[in-house]
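Take a look at the letters that make up each chain.
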Amino acid sequence: MNHRNLFLAMTLLCGALSAYAQHVGKNTTVGSNPVFPGWYADPEAAVFDHEYWIYPTYSAPYDQQTFMDAFSSKDLVTWTKHPHVLSNANVAWAKRAMWAPSVVQAHGKYYFFFAANDVHPGELGGIGVAVADRPDGPFKDALGKPLIGEVVNGAQPIDQFVFRDDDGQYYMYYGGWGHCNMVRLAPDLLSLVPFADGTLYKEITPKGYVEGPFMLKRNGKYYFMWSEGGWTGPDYRVAYAIADSPFGPFERIGTILQQDPKIATGAGHHSIIHVPGTDEYYIVYHRRPLGETDANHRVTCIDRLYFGPDGKIRPVRMTR
Ligand code: FUB
């Protein structure tokens with residue numbers, strides 16, 4: 001290449017890089033794992049109108065967890081940050097420890113389920129729901145009080161996951177302290193309705209369960225997943241069961257995500273993206289950088305999730 005052509009090529013390259021940088025913008029990141037900067041845990045992934053969203057917990061001391069940010073992407077590679085989509089300024093009863101969003105699109109709105117206050121018996125707090133017209137908020141408390149504020153069956157009211165079955169029925173799985181309950185949500189998504197037997201809460205705790213439930217339906221089977229171990233330690237992990245109904249029974253099959261001494265520790269509290277119209281799945285989870293001792297240093301990552309021909313989930317290989 002002569003000097004003139006080299007100069008032309010460099011000019012074109014610089015122009016393209018500059019246009020790309022402008023397109024990306026100051027709140028946007030392009031990357032590998034972690035998928036965006038910052039300490040973020042419990043990532044809940046969603047697909048709304050051909051756009052991917054991640055709603056994580058802001059991972060910090062409980063008194064600083066007074067808001068939640070969201071991230072959107074059209075391609076799972078370039079992520080745009082939407083700061084403070086929910087904050088305790090819009091939830092009178094939420095003071096701290098705002099955790100583990102689960103967000104669904106329904107009735108032309110977005111319903112943002114969250115936990116607040118790390119509630120213990122006799123205290124105000126638990127699982128609430130906030131509503132917005134857009135996926136980036138601002139979300140506002142819909143009830144003026146928690147949807148679930150009591151400890152039922154030993155389950156701390158945290159780590160809710162809202163699942164819509166093919167018949168349109170919404171269920172919420174939730175629970176910390178080693179117990180998992182499920183409830184039926186009313187069509188308005190703002191109240192609970194009893195099961196056929198008249199009860200409001202069903203305990204469905206699988207063996208090894210600690211927290212962070214998640215449900216995925218694939219080929220008519222219900223894949224129930226959860227986190228095990230302690231989230232502050234290295235051996236936090238994700239396990240799963242397969243059932244023929246959303247009520248279980250959920251027999252533990254095995255571990256699908258765990259620490260890798262070459263990549264990271266404390267990998268858990270996940271969700272899953274199913275790329276629409278494909279059989280392609282991604283696990284979205286948090287993990288702790290190698291050698292890190294601060295429990296809150298959790299970052300959000302994405303890796304491929306594969307199913308075997310027998311329908312079982314293959315162990316996830318964490319990548320950078
Ligand atoms: O991030 C706060 C808590 O840590 C979550 O609710 C748990 O699942 C654990 O990830």
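Residues numbered from 1 in each chain as written. Predicted model: local features only at pLDDT ≥ 70, side-chain atom pairs only at ≥ 80, totals over all residues. Heavy atoms only, no water.

Trainee: Describe in detail the site of the ligand, supporting the description with residues and values.
Mentor: Around the ligand, the neighbouring residues are Asp42, Thr57, Trp99, Asp159, Glu211, Trp231, Tyr236, His269, His286 and Arg298. Aspartate 42 is positioned with one of its side-chain polar atoms (N or O) 2.6 Å from an oxygen atom of the ligand. Between histidine 269 and the ligand, the recorded distance is 2.7 Å, taken from a side-chain N or O atom to an oxygen atom. For the ligand, whose unbound accessible area comes to 280 Å², protein coverage reaches 99%. (Near = heavy atom within 4 Å. Polar contact = N/O pair within 3.5 Å; in protein donor to acceptor, adjacent residues only side chain to side chain. Areas by Shrake-Rupley, 256 points an atom, 1.4 Å probe, with all protein chains shown as cover.)

Trainee: An account of the sheet that holds strand S17 (residues 237–243) is requested, with residue identities and associated values reported.
Mentor: Reading across from one edge, S15-S16-S17-S18 is the order of the four strands in this open sheet, with antiparallel pairing throughout. Among the strands making up the open sheet, the edge pair consists of strand S15 (211–218) and strand S18 (252–257). Across this sheet, the average inter-strand angle for adjacent strands is 30°, counted without regard to direction. When S15 meets strand S16 (residues 221–228), the two strands line up antiparallel, connected through six bridges. What sits directly across from phenylalanine 214, in S16, is methionine 225. (Pairing = 2+ DSSP bridges. Helix = DSSP H or I, 4+ residues; strand = E, 2+ residues; numbered from the N terminus. Axes fitted to C-alpha atoms, helices over the stretch in contact; angles between N-to-C directions.)

Trainee: Account for the sheet that holds strand S8 (residues 126–132), with residues named and values stated.
Mentor: An order of S6-S7-S8-S9 is seen for the four strands of this open sheet, with the pairing classed as antiparallel. This sheet does not close on itself; its edge strands, each paired only once, are strand S6 (99–106) and strand S9 (140–141). Two strands pair when backbone bridges link them, and S8 and S9 are joined in this way by two bridges, in the antiparallel orientation. Note on S9: the bridge partner recorded for alanine 130 is aspartate 141.

Trainee: Describe the pattern of salt bridges, naming the residues involved and giving the relevant values.
Mentor: Summed over all chains, the structure comprises 15 salt bridges. Among the salt bridges present, the one from arginine 96 reaches aspartate 63, with a minimum N-O distance of 2.6 Å. Taken together, the residues span a long stretch of sequence, with arginine 96 in the loop between strand S5 (78–87) and S6 and aspartate 63 in the loop between strand S3 (51–58) and strand S4 (67–73) at a distance of 33 residues. We classify arginine 96 as partly exposed; its relative accessible area is 28%. Classification of aspartate 63 by relative accessible area gives exposed; the value is 56%. Here the salt bridges do not stand alone but share partners, grouping Glu228, Asp235, Arg237 and Arg252 into one network. (Salt bridge = Lys/Arg side-chain N within 4 Å of Asp/Glu carboxyl O. Buried < 20%, exposed > 50% of the residue type's maximum accessible area, 1.4 Å probe, protein only.)

Trainee: How would you explain the pairing of S15 if you had to name every residue and give the values?
Mentor: Counting buried residues in S15 gives seven out of eight residues, a clear majority hidden from the surface. Counted along the chain from S15 to the antiparallel partner S16, the turn is two residues long, and its residue asparagine 219 has a positive phi close to 50°.

Trainee: I'd like a rundown of the packing of aromatic side chains, residues and numbers included.
Mentor: Inspection of every chain in the model, using the stated rule, returns 22 aromatic pairs. Ring centres of phenylalanine 36 and phenylalanine 71 lie 3.6 Å apart, and the angle between their planes is 5°; on these two criteria the pair is classed as stacked. Of this pair, phenylalanine 36 sits in the loop between strand S1 (28–30) and strand S2 (40–48) while phenylalanine 71 sits in strand S4, placing them 35 residues apart in sequence. You'll find phenylalanine 36 and phenylalanine 71 in the same group, each marked buried. Members of the aromatic cluster, connected to one another through ring pairs, are Phe36, Tyr40, Tyr58, Phe67, Phe71 and Trp79. The aromatic ring of phenylalanine 195 is capped on one face by lysine 202, whose charged end is 4.9 Å from the ring centroid. (Phe/Tyr/Trp six-rings, centres within 6.5 Å; stacked < 30°, edge-to-face > 60°. Lys NZ or Arg CZ within 6 Å of the ring centre and 35° of its normal.)

Trainee: Mind laying out the nonpolar core, listing which residues take part and the relevant values?
Mentor: Taken as a class, soluble globular proteins show a tendency for nonpolar side chains to be buried jointly. Counting residues in each nonpolar core, the largest one holds 39 residues, and the members touching the most others are Met225 and Leu305. Non-local contacts of methionine 225, meaning those with residues more than four positions away in its chain, are made with Gly212, Pro213, Phe214, Leu216, Val238, Ala239, Tyr240, Ile256, His270, Ile272 and Ile313. Within the second largest apolar cluster, 20 residues are counted, among which are Met68, Leu86, Val103 and Phe139. (Core = buried A, V, L, I, M, F, W, Y, C linked by side-chain atoms within 4.5 Å. Contact = heavy atoms within 4.5 Å.)

Trainee: Summarise the domain arrangement of the protein; cite the residues concerned and give the values.
Mentor: Its domain assignment divides the protein into domain 1 (1–30) and domain 2 (33–305). A straight line from the C-alpha centre of domain 1 to that of domain 2 covers 40 Å. (Domains from an automatic or database assignment.)

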